[in-house]
Amino acid sequence: MKPIDLRSDTVTRPSPAMRRAMAEAEVGDDVLGDDPTVKRLEAMVAERLGKEAAIYVPSGTMSNQVALYTASERGDEILCETGSHIISYEVAAPAVISGLLTHPIDGELGILSAAQVARHVREPNIHCPRTRIIALENTHNRAGGTIYPLETIAEIEMVARKHGLWMHLDGARLWNAHIATGIPLDRYAAPFDSVSVCLSKGLGAPIGSVLSGTRDFIAKARRTRKMFGGGMRQVGILAAAGIYALEHNIPRLAEDHANARELAEELNRMPALTVNLKAAQTNIIAVEIDPAKMTVPDFVSRLAAKGVLCIPFGPTRVRFVTHLDVTAEDCRRAAAAVGEVVGA
Ligand code: TLP
């Protein structure tokens, strides 16, 4: 039987209708500016986020890194939450590619306060790196899909503006924050100079992210993308999947949130496991395993043997993610399998 794959919302596969949209896409050489489908996708995302322009890139990692490179100079410093994707999962790219010093700040469930950010901005001094960028993540992956309160973002923006910092948003799952709160995407995006969103997570496209900002910034980002080797040719065939995802798969994220919430509550009832239900706000569940009961590798492999996949997320932590290829019934079956594994 096909496993119930809760490792990530990146595991979703394009549906037959999405594949049809891809097959029928009108294409051209996008490096030469000739691909109408890519242009349409970029315009759609810019419009939804309330930005002047946008650029299609292969991945969320490239999108973040194109933004950081374009907005900084070597030797600058970027402030990030300690568990952010940029720090945890981008292979030290800010240092390797852009010569940036990454300055981690511990958030509360991934969320930084304006006072914290203010404390970490350096005054201009010939000895010091120049604090240049503050990057936030909404929703916050490692914290368990937590949502940035809009007021907190506004307060951080005031600090950023006072010190002339660039505001970047890793909005890989901004769609989830939007659906969970009802707050419009453009309101979430407004405080930021650059916003990256992913089409290949909960929206189900096989590939693709979009970086947005001012027309001038995106023109510079286009050069950066080319330098990173991310200029693609008849890529409308992939962008069409992104358009399909935007048009069909955003409202249904509410189902993923309901499924995740039910699964989180069920797992938290098991004595060997703890889920911080305060963090279970969207489609990600971070689960603590009592190390006296079971190790993470043991848990993951015993659960896999029962046809349910999750991912290690720390020394005593695993992650489950709901998405459009798992149903409420799959989540109930997954909870039952976990119960058997931990003897609940
Ligand atoms: N996250 C992946 C892994 O890299 C951990 C996942 O399975 O969740 N920002 C955020 C907040 C992300 O969660 C991810 C992917 C990215 C950026 C990077 O996107 P890709 O994988 O397209 O480079």
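Residues numbered from 1 in each chain as written. Predicted model: local features only at pLDDT ≥ 70, side-chain atom pairs only at ≥ 80, totals over all residues. Heavy atoms only, no water.

(A) Broad picture of the sheet that holds strand 13 (residues 317–321). Pairing within the open sheet is antiparallel, and its four strands lie in the order 9-10-13-12. The open sheet terminates on both sides in strands that have one partner only, identified here as strand 9 (273–275) and strand 12 (311–314). Across the sheet, the axes of successive neighbouring strands diverge by a mean angle of 35°, strand direction being ignored. Where strand 9 meets strand 10 (residues 284–289), three bridges bridge the pair, whose relative direction is antiparallel. Note on strand 10: the bridge partner recorded for Leu273 is Ile289. Contacts between helix 12 (residues 253–268) and the sheet are confined to strand 9, strand 10 and strand 13, with strand 9 contributing the most and set at about 140° to the helix. Those strands touched by helix 13 (residues 296–305) are strand 9, strand 10, strand 12 and strand 13, and its axis lies near 35° from that of strand 13. (Pairing = 2+ DSSP bridges. Helix = DSSP H or I, 4+ residues; strand = E, 2+ residues; numbered from the N terminus. Axes fitted to C-alpha atoms, helices over the stretch in contact; angles between N-to-C directions. Contact = heavy atoms within 4.5 Å.)

(B) Representation of the environment of Ala95 within the structure. Among the structural elements, Ala95 can be located in helix 5 (residues 93–98). The exposure class of Ala95 is partly exposed, given its relative accessible area of 41%. As for Ala95 and Arg333, which are separated by 238 residues in sequence, their C-alpha atoms are 43 Å apart. (Buried < 20%, exposed > 50% of the residue type's maximum accessible area, 1.4 Å probe, protein only.)

(C) Structural view of the site of the ligand. In the neighbourhood of the ligand, 15 residues make up the surrounding shell, with Ser8, Gly60, Thr61, His85 and Asp170 lying closest. A breakdown of the residues in the shell around the ligand according to their chemical character gives two nonpolar, seven polar and six charged. (Near = heavy atom within 4 Å. Nonpolar A, V, L, I, M, F, W, Y, C, P; charged D, E, K, R; others polar.)

(D) Inspection of the environment of Glu157 at higher detail. Positionally, Glu157 belongs in helix 7 (residues 150–163). Put simply, Glu157 and Tyr56 are 101 residues apart on the chain and 26 Å apart in space, counted from C-alpha to C-alpha. Sequence-distant contacts of Glu157, defined by excluding residues within four places in its chain, comprise Met167 and Pro191.

(E) A look at the domain arrangement of the protein. Entries for the protein in the domain assignment read domain 1 (16–248) and domain 2 (252–342). Computed over C-alpha atoms, the centres of domain 1 and domain 2 are 28 Å apart. Each partner contributes residues to the interface: domain 1 has 18 residues there, and domain 2 has 18 residues. Between domain 1 and domain 2 lies a buried interface of about 1500 Å² when both sides are counted; carbon and sulfur atoms form 56% of it. Counting every contact that joins domain 1 to domain 2 gives zero salt bridges. (Domains from an automatic or database assignment. Buried area = accessible area lost by both parts, 1.4 Å probe. Salt bridge = Lys/Arg side-chain N within 4 Å of Asp/Glu carboxyl O.)

(F) Summary view of the packing of helix 8 (residues 174–181) against helix 12. It is at 9 Å that the axes of helix 8 and helix 12 come closest, and there the two elements cross at 80°. The angle between helix 8 and helix 12 falls in the class roughly perpendicular. Across from Trp175, Asn176, Ile179 and Ala180 in helix 8, the residues of helix 12 making contact are Leu253, Ala254 and His257. Residues of the contact of helix 8 with helix 12, tallied by class, amount to five nonpolar, two polar and no charged. (Parallel < 35°, antiparallel > 145°, perpendicular 65-115°, else oblique.)

(G) Seen up close, the pairing of strand 12. Alignment of strand 12 against strand 13, held across three bridges, turns out to be antiparallel. Across the sheet, residue Pro312 finds its bridge partner in strand 13, namely Val318. Between the antiparallel neighbours strand 12 and strand 13 lie two residues.

(H) Representation of the sheet that holds strand 4 (residues 101–105) in the model. Pairing in this open sheet of seven strands is mixed, and the strands run 2-8-7-6-5-3-4 from one edge to the other. Edge positions in the sheet fall to strand 2 (53–57) and strand 4, since each has one partner strand and no second. On average, adjacent strands in this sheet sit at an angle of 20° to one another, irrespective of strand direction. Summarising the sheet, strand 3 (residues 76–81) and strand 4 pair through five bridges and their orientation is parallel. For Cys80, the partnering residue across the bridge sits in strand 4 and is Pro104. Helix-sheet contacts for helix 7 involve strand 5 (130–137) and strand 6 (166–171), and the interaxial angle to strand 6 is about 145°. Each of strand 6 and strand 7 (194–198) is contacted by helix 8, which is oriented at about 90° to strand 7, the strand it contacts most.

(I) The nonpolar core, seen in detail. In terms of nonpolar packing, the biggest core is built from 53 residues, with Leu41, Tyr56, Ile134, Ile156, Trp175, Leu199 and Leu246 touching the most fellow members. Discounting residues that sit within four places of it in the chain, Ile156 has contacts with Leu112, Ser113, Ala114, Val117, Ile134, Leu136, Tyr148 and Met167. In terms of nonpolar packing, the next biggest core, distinct from the first, is built from 31 residues, Leu6, Leu273, Val275 and Val287 among them. (Core = buried A, V, L, I, M, F, W, Y, C linked by side-chain atoms within 4.5 Å.)

(J) Layout of the environment of Pro191. Note on placement: Pro191 falls in the loop between helix 9 (185–189) and strand 7. In the structure, Pro191 is positioned 31 residues away from Ala160 in sequence and 9.8 Å away in space, judged by C-alpha atoms. In this structure Pro191 touches Ile153, Glu157, Arg161 and Met167, once residues within four positions along its chain are discounted.

(K) Highlighting the packing of aromatic side chains. Going through the model one piece at a time under the given rule, you end up with three aromatic pairs. Aromatic side chains Trp166 and Phe217 sit 4.8 Å apart centroid to centroid with 40° between the ring planes, which places their arrangement in the tilted category. Here the residue Trp166 occupies a position in strand 6, and Phe217 occupies one in helix 10 (residues 215–227), the gap between them amounting to 51 residues. You'll find Trp166 and Phe217 in the same group, each marked buried. One Lys or Arg, Arg142, reaches over the ring of Phe313 and ends 4.6 Å from the middle of that ring. (Phe/Tyr/Trp six-rings, centres within 6.5 Å; stacked < 30°, edge-to-face > 60°. Lys NZ or Arg CZ within 6 Å of the ring centre and 35° of its normal.)

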